[in-house]
Amino acid sequence: MNTILSMLLSLITSSFSFDEKMTIAIEIIKAVTNGTFSDMTAKELSERCYITTNRLRSFCQYLGFHKYNDLRNALLQRIDVRREQMLHHVEETDENRLLDCISFVAGKEFDKDGFLKSIRDLNDMIYESPQVIIMGAVFPESLSLHYQEDMIIMGKPVYSLPVAHDFVVPGVDEDTLFITVSLTGRIMEYFYPSYMDFLSQYEHQSVITGNEKMVQEYAFSSGILLPVEGDEETGNTILLMTLQLMKLDYYKRYMKKQ
């Protein structure tokens, strides 16, 4: 089901410059997660994005809606449907079965307890962060869209920014958590100077990778090491299941108790 949230996230992921459309999409996502979107007027959203209401209307028409109120009402209505879908998914997810599937796809046994601990540690950071930005190549970021949408449904603004030529991000809250996704770890080689600058500029960092060096050498306070060797396409499947485990753990420890 193509929800409005998935459309907004796809728009952000496919934008290689911090343009007007990306800004509007991010501000809508933030308003959804903090519970203010249902009462937010076109004027209020336009002011947050430093645009005119006519420009906002153009954005809504770009997504297929005649005006802002049509977009807002459709988004709020479909969020309720998406929430029910998310709850069904997490309730039906078996943690041990997922771990066994990862082991099968990887073609080897791995430290499942340590793997789960790394997921819990990263989720602790996510819970404490005002927002989460996933950085990486376009394809692994695209694989995380379902995860991003479910996290937004659970009240945490999570979105991704693709790396085009270097690690550059717009002005963000200093407490933002950045998660670099790179199955092989080559991203730190291709963009080494800008990646080092990126790491030094932002305090809260983590990584999801199959490259052990990337986890250890840069002394991340938390990171998930995937049981992946080299540039194998099976790593994409393992990444998907890892994101599913992350979502399940986050729901069980932070959402189900509420």
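Going by the structure above, here's the rest.
Here the structure is a predicted model, which means the values were calculated and not measured. (Residues numbered from 1 in each chain as written. Predicted model: local features only at pLDDT ≥ 70, side-chain atom pairs only at ≥ 80, totals over all residues. Heavy atoms only, no water.)

1. A short note on the nonpolar core
Stated formally: Side-chain atoms within 4.5 Å are what join buried Ala, Val, Leu, Ile, Met, Phe, Trp, Tyr and Cys residues into a set we call a nonpolar core. Each residue gets one of three labels from its accessible area relative to the maximum for its type: buried under 20%, exposed over 50%, partly exposed in between, using a 1.4 Å probe on protein chains only. Numbered from the N terminus, helices here are DSSP runs of H or I no shorter than four residues, and strands are runs of E no shorter than two. In this description, contact between two residues means that some pair of their heavy atoms is separated by no more than 4.5 Å.
By size, the foremost hydrophobic cluster in this structure holds 87 residues, and its most contacted members are Ile28 and Ile126. Residue contributions to this core peak at eleven residues, all from helix 13 (residues 234–255). When residues no more than four places from it in sequence are discounted, the contact partners of isoleucine 28 are Leu8, Phe37, Leu45, Phe59, Leu71 and Leu75.

2. So, the sheet that holds strand 1 (residues 132–136)
Stated formally: DSSP-based pairing: two strands are paired if at least 2 bridges between them are found. To define axes, lines are fitted to C-alpha atoms, for helices over the stretch in contact only, and angles between the resulting N-to-C directions are given on a 0 to 180 degree scale.
Within the open sheet, the five strands sit side by side as 2-1-3-4-5. Their pairing is parallel. At either margin of the open sheet sits one strand with a lone partner, and together these are strand 2 (158–162) and strand 5 (223–225). Averaged over all pairs of adjacent strands, the angle between strand axes in this sheet comes to 20°, irrespective of strand direction. Bridge count between strand 3 (residues 177–182) and strand 4 (residues 205–209): five bridges; the pairing is parallel. When the bridges of strand 4 are listed, serine 182 appears paired with threonine 209.

3. Regarding the side chain of serine 103
On the secondary structure map, serine 103 appears in helix 6 (residues 95–106). When its relative accessible area of 7% is taken as the criterion, serine 103 is described as buried. If we skip the residues at most four places from it in the chain, serine 103 touches Lys108, Glu109, Phe110 and Lys112.

4. Focus on the pairing of strand 3
Strand residues, when the strand is regular, have side chains that alternate between the two faces of the sheet. Most of strand 3 sits out of view: six of its six residues are buried. Here strand 3 shows a buried face lined by Leu177, Ile179 and Val181 and a second buried face lined by Phe178, Thr180 and Ser182.

5. Quick notes on the pattern of salt bridges
The criterion, for reference: Between Lys or Arg on one side and Asp or Glu on the other, a salt bridge is scored when a side-chain nitrogen of the former is within 4 Å of a carboxyl oxygen of the latter.
One pass over the full model with this rule turns up twelve salt bridges. In this structure, the salt-bridge partner of lysine 252 is glutamate 95, at a minimum N-O distance of 3.5 Å. Placement of the pair is lysine 252 in helix 13 and glutamate 95 in helix 6, with a sequence separation of 157 residues. Residue classification places glutamate 95 among the partly exposed residues on the basis of a relative accessible area of 25%. Connected through salt bridges with shared partners, the residues Arg82, Glu149, Asp150 and Lys247 form a single ionic network.

6. Some thoughts on helix 7 (residues 112–128)
What counts, and what does not: By definition here, a helix of n residues has an expected span of 1.5 Å times n minus one. In the analysis that follows, any N or O atom pair within 3.5 Å is treated as a polar contact, provided that within protein one partner can donate a hydrogen and the other can accept it, and provided that, for residues neighboring in sequence, both atoms belong to side chains.
If you check helix 7, its first and last C-alpha atoms are 25 Å apart, about what 17 residues at 1.5 Å a residue would give, namely 24 Å. Within the sequence span of helix 7, burial applies to Lys112, Phe115, Leu116, Ser118, Ile119, Leu122, Asn123, Met125 and Ile126. Where helix 7 begins, the side chain of aspartate 111 points an oxygen toward the backbone nitrogen of aspartate 113, at a separation of 3.4 Å.

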